[in-house]
Amino acid sequence: MSPAGTEVVTEVDGHRLTLSNLDKVLYPVTGTTKGEVLNYYVQIAPVLLPHIANRAVTRIRWPHGVQDKSFFEKNAPAGAPRWLRTATVPTTGSRTASGDAGELRFPIIDGLAPLVYLANLASLELHVHQWRVSTDGVPENPDRLVVDLDPGDGAGLMQCCEVALLVRSALGDRGLDVRPVTSGSKGLHLYAALPGDLDPDGTTALAKEIAEALQEEHPKLVTATMTKARRAGKIFLDWSQNAGSKTTVAPYSLRGRERPTVATPVTWAEVEAGSEDPFALEQFSFTEVLARVAEHGDLFA
């Protein structure tokens, strides 16, 4: 640890990095410091990096800790080192003064040095698209589909687990293998690998089809409607995160919640237990995730 306000110069994979304010508390409730956040990302890197490789990364930064304001950052940070790989991607969400579609210059985390560099900027959350970029920086078709199970008021992780089993069955009927990940917030994320023959519109349509079919079959438990007023006691199947411009928090990313929880890959046995017992499955802390990886390896592999 360094005294407040001091800097530490280190080398990561041959790149010189200056780390600052390592003793700054970013999670006041637990006293978790920036140094501990950096330590987590260094230790989790072997299982995190493969799942964000060649993906444009949006960060959510909390410069003064999670008790203060945060902001989204899509473009590579100003003053980023020249060795930080980037991809310039056209986006309909960014327009010039003339009304033309603009571009975003996303960073690509292709190793430990970029991960440490961005984490040092208090980038607690790493969000990625469901598509990767090619070697020349062109977005490819999505290689996975995601369904975000978001509990409304009066529902919780137990109900998410119930719905996750329904989604697994529905996607399984379409020949897709599904992997569950706790969101690190309130719900669950379900991923299914795709062969890459669908564009974002196609994957969005597939996810919406699943969500609407389950809403019709289980109207008291499931909703595919985005209106929050209609979610009470139900699980919202957010199919929209498959759109080309949307992102989902990456597996093994920290969350900027009150406590340093993590989007954590889990087993289907854990999900099945969680569907029957409200205390069988909870959101995991970063220390618990490191212990899980040490014991089980990468459950998202």
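Predicted, not measured: the structure shown is a model, and the values here were computed from it.

Asks: Let's hear about the overall build of the protein chain: which residues, and what values?
Replies: Of the regular secondary structure elements, the protein chain holds 6 helices and 18 strands. Computed over the C-alpha atoms, the radius of gyration of the protein chain is 19 Å, within 12% of the 19 Å expected from 2.2 N^0.38 for a compact globule of 301 residues. Viewed in the frame of its principal axes, the protein chain has a C-alpha envelope of about 60 × 50 × 35 Å. Each of the 301 residues in the protein chain was classed as buried or not, and the buried ones make up 51%.

Asks: Tell me about the state of the cysteines, and name the residues and values.
Replies: Enumeration over the complete set of coordinates arrives at 0 disulfides. With no disulfide of its own, cysteine 160 lies closest to cysteine 161 among cysteine sulfurs, the gap being 7.0 Å.

Asks: Which residues make up the sheet that holds strand E5 (residues 57-61), and what are the values?
Replies: Spatial ordering of the open sheet is given by E6-E5-E9-E15, a layout of 4 strands whose pairing is antiparallel. Each having just a single partner strand, strand E6 (71-73) and strand E15 (248-249) make up the two edges of the open sheet. In the sheet, strand E9 (residues 123-128) pairs with E15 via 2 bridges, with the strands oriented antiparallel. Along E15, the bridge assignment pairs histidine 127 with valine 249.

Asks: So what's going on with the nonpolar core? Residues and values would help.
Replies: Within the largest apolar cluster, 73 residues are counted, with the highest numbers of intra-cluster contacts made by Tyr40, Tyr41, Ile44, Leu149, Val167 and Leu237. A per-element tally of this core places helix H1 (residues 34-52) first, with 10 residues. If you count residues domain by domain, this core takes at least three from each of domain 1 (7-139) and domain 2 (141-296). When near neighbours in sequence (up to four residues on either side) are disregarded, leucine 237 contacts Val147, Asp148, Leu149, Val163, Val167, Ala211, Leu214, Val222, Thr223 and Ala224. Of all hydrophobic cores here, the second largest spans 8 residues; its members include Ala56, Ala87, Leu104 and Ile108.

Asks: Describe the packing of aromatic side chains, with residues and values.
Replies: Taken as a whole and assessed by the stated rule, the structure comprises 4 aromatic pairs. Between tryptophan 83 and tyrosine 117 the ring centres are 6.3 Å apart and the planes differ by 75°, which places this aromatic pair in the edge-to-face class. With tryptophan 83 in the loop between E6 and strand E7 (86-95) and tyrosine 117 in helix H2 (residues 112-119), this pair connects stretches of sequence that are 34 residues apart. When its relative accessible area of 26% is taken as the criterion, tryptophan 83 is described as partly exposed. Judged by relative accessible area, which is 13%, tyrosine 117 ranks as buried. Ring geometry for tyrosine 191 against phenylalanine 300: centres 5.1 Å apart, planes inclined by 75°, an arrangement best described as edge-to-face.

Asks: Just give me the short version of the domain arrangement of the protein chain, but keep the residues and values in it.
Replies: Each domain of the protein chain was delimited in the assignment, giving domain 1 (7-139) and domain 2 (141-296). A C-alpha centroid distance of 24 Å is found between domain 1 and domain 2. Facing 28 residues of domain 1, the contacting portion of domain 2 comprises 30 residues. Interface area for domain 1 against domain 2, summed over the two sides, is near 2,600 Å², with a carbon-plus-sulfur share of 59%. Taken together, domain 1 and domain 2 are joined by 3 salt bridges. Of all elements in the fold, only H1 and E9 reach the threshold of two or more residues within the side of domain 1 that touches domain 2. The element best represented in the side of domain 1 that touches domain 2 is H1, accounting for 10 residues. When its residues are assigned to classes, the side of domain 1 that touches domain 2 shows 16 nonpolar, 8 polar and 4 charged.

Asks: Talk me through H1; I want residue IDs and the actual numbers.
Replies: The terminal C-alpha atoms of H1, which comprises 19 residues, lie only 22 Å apart, well short of the 27 Å expected from a rise of 1.5 Å per residue. A maximum bend of about 75° is found in H1 at alanine 45, where proline proline 46 lies one to four positions downstream. At the exit of H1 stands asparagine 54, carrying a positive phi of roughly 60°.

Asks: Go over the confidence of the model for the protein chain, please, and point to the residues and values.
Replies: Here the protein chain shows a mean pLDDT of 94. Residues at 70 or above account for 95%. Across residues 94-99, confidence stays below pLDDT 50; counting only partners more than four residues off in sequence or on other chains, it has 7 contacts.

Asks: Give me the lowdown on empty space enclosed by the protein, citing residues and values where you can.
Replies: Applying the stated rule across the entire model yields 1 cavity of 30 Å³ or more. Roughly 50 Å³ of volume is contained in the largest cavity. Every residue along the wall of the largest cavity is listed here: Tyr252, Thr264, Pro265, Val289, Arg292, Val293, His296, Gly297 and Leu299. Of all elements in the fold, only strand E17 (264-265) and helix H6 (286-296) reach the threshold of two or more residues within the lining of the largest cavity. Among the elements that take part in the lining of the largest cavity, H6 stands out by supplying 4 residues, more than any other. Here the residues of the lining of the largest cavity are counted per class, giving 5 nonpolar, 3 polar and 1 charged.

Asks: Tell me about the side chain of lysine 34, residues and numbers included.
Replies: Examined against the element boundaries, lysine 34 turns out to sit in helix H1. Although lysine 34 lies buried, it forms no salt bridge, and the closest oppositely charged side chain, aspartate 23, sits 8.9 Å away as judged by the N-O distance. In contact with lysine 34, other than residues within four places in its own chain, are Ser20, Asn21, Leu22, Lys24, Leu26, Ala119 and Asn120.

Basis of the calculations
Residues numbered from 1 in each chain as written. Predicted model: local features only at pLDDT ≥ 70, side-chain atom pairs only at ≥ 80, totals over all residues. Heavy atoms only, no water. Helix = DSSP H or I, 4+ residues; strand = E, 2+ residues; numbered from the N terminus. Rg over C-alpha atoms; globule rule 2.2 N^0.38 Å. Buried < 20%, exposed > 50% of the residue type's maximum accessible area, 1.4 Å probe, protein only. Disulfide = S-S within 2.5 Å. Pairing = 2+ DSSP bridges. Core = buried A, V, L, I, M, F, W, Y, C linked by side-chain atoms within 4.5 Å. Domains from an automatic or database assignment. Contact = heavy atoms within 4.5 Å. Phe/Tyr/Trp six-rings, centres within 6.5 Å; stacked < 30°, edge-to-face > 60°. Buried area = accessible area lost by both parts, 1.4 Å probe. Salt bridge = Lys/Arg side-chain N within 4 Å of Asp/Glu carboxyl O. Nonpolar A, V, L, I, M, F, W, Y, C, P; charged D, E, K, R; others polar. Expected span 1.5 Å × (residues − 1). Bend = angle between axes of the 7 residues up to and from the residue. pLDDT = per-residue confidence, 0-100. 1 Å grid on protein atoms, 1.4 Å probe; cavity = no way out; pocket = protein on both sides within 12 Å on 5 of 7 lines; lining within 4 Å. Points joined across faces, edges and corners; volume = space filled by probe spheres on them. Lys, Arg positive; Asp, Glu negative; His and termini not counted.

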